[in-house]
Amino acid sequence: ESSPNAMSSRVYPNPTHSPSQMQFFTKSKDRYTFRVFDLRGRIVRTITGVSAEKSQNRLTWDLLDSNGLPCPNGRYILQLVTGDKTYTHKLMISK
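My aim in this report is to walk through the structure given alongside it, one point at a time. Here the structure is a predicted model, which means the values were calculated and not measured.

**Here we look at the nonpolar core**
Then comes step 1: Counting residues in hydrophobic clusters, the biggest one holds 18 residues, and the most contacted among them are Phe34, Val36, Leu59, Trp61, Tyr76, Leu78 and Leu80.
Then comes step 2: If you list the elements that add at least two residues to this core, you get β2 (20–26), β3 (31–37), β4 (43–50), β5 (55–61), β6 (74–82) and β7 (85–93).

**Here's the deal with unusual backbone geometry**
Then comes step 1: Cis geometry is adopted by the peptide bond preceding Pro13, which originates at Tyr12 and carries an omega value of -15°.
Then comes step 2: Position of Pro13 among the secondary structure elements: in the loop between β1 (9–12) and β2.
Then comes step 3: In the segment running from Asn14 into Pro15, the intervening peptide bond is cis, with an omega of 5°.
Then comes step 4: Phi is positive for Leu63, close to 65°, though the residue is something other than glycine.
Then comes step 5: Position of Leu63 relative to the elements: it lies in the loop between β5 and β6.
Then comes step 6: The class for Leu63 is buried, based on a relative accessible area of 4%.

**Notes on the environment of Gly68**
Then comes step 1: With respect to the helices and strands, Gly68 occurs in the loop between β5 and β6.
Then comes step 2: Gly68 sits in the partly exposed class, given a relative accessible area of 43%.
Then comes step 3: In the structure, Gly68 is positioned 23 residues away from Arg45 in sequence and 9.3 Å away in space, judged by C-alpha atoms.

**Quick word on the layout of surface pockets**
Then comes step 1: Of the pockets and cavities examined, the largest pocket occupies roughly 180 Å³.
Then comes step 2: Every residue lining the largest pocket is listed: Ser8, Phe25, Thr26, Lys27, Ser28, Asp30, Thr82, Gly83, Asp84, Lys85 and Tyr87.
Then comes step 3: Those elements that provide at least two residues to the lining of the largest pocket are β2 and β7.
Then comes step 4: Counted by class, the lining of the largest pocket contains 2 nonpolar, 5 polar and 4 charged residues.

**A closer look at the sheet that holds β3**
Then comes step 1: With antiparallel pairing, 4 strands are arranged side by side in an open sheet as β4-β3-β6-β7. At either margin of the open sheet sits one strand with a lone partner, and together these are β4 and β7. For this sheet the average axis-to-axis angle between neighbouring strands, irrespective of direction, equals 15°.

**Structural notes on the environment of Phe37**
Then comes step 1: Its location among the elements puts Phe37 in strand β3.
Then comes step 2: Note on Phe37: relative accessible area 17%, which makes it buried.
Then comes step 3: Sequence spacing of Phe37 and Tyr76 is 39 residues, and the spatial spacing of their C-alpha atoms is 5.7 Å.
Then comes step 4: Excluding anything up to four places from it in sequence, Phe37 contacts Arg42, Ile43, Val44, Tyr76, Ile77 and Gln79.

Rules and cut-offs
Residues numbered from 1 in each chain as written. Predicted model: local features only at pLDDT ≥ 70, side-chain atom pairs only at ≥ 80, totals over all residues. Heavy atoms only, no water. Core = buried A, V, L, I, M, F, W, Y, C linked by side-chain atoms within 4.5 Å. Buried < 20%, exposed > 50% of the residue type's maximum accessible area, 1.4 Å probe, protein only. Helix = DSSP H or I, 4+ residues; strand = E, 2+ residues; numbered from the N terminus. 1 Å grid on protein atoms, 1.4 Å probe; cavity = no way out; pocket = protein on both sides within 12 Å on 5 of 7 lines; lining within 4 Å. Points joined across faces, edges and corners; volume = space filled by probe spheres on them. Nonpolar A, V, L, I, M, F, W, Y, C, P; charged D, E, K, R; others polar. Pairing = 2+ DSSP bridges. Axes fitted to C-alpha atoms, helices over the stretch in contact; angles between N-to-C directions. Contact = heavy atoms within 4.5 Å.

The following block contains the structure:
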């Protein structure tokens, strides 16, 4: 499931029990910040990096929190900020 501003990104598999991937397109090389939130709005995990120039990019989340512990079953909000774009998706973990 995605928000209206996430037309050039997707998350799969969803629901998932194994690492999940987010694909996104960038028009130029840029830094990105990927955050995972629980439904209470707490940040579960943050990943930063640099995207490829004018390319389809792929980011993998291993379903671990910031302490390296497996996230429990439930819904999570994934947010990717790169350049002037913000992509938001919901993800269901079901083990």
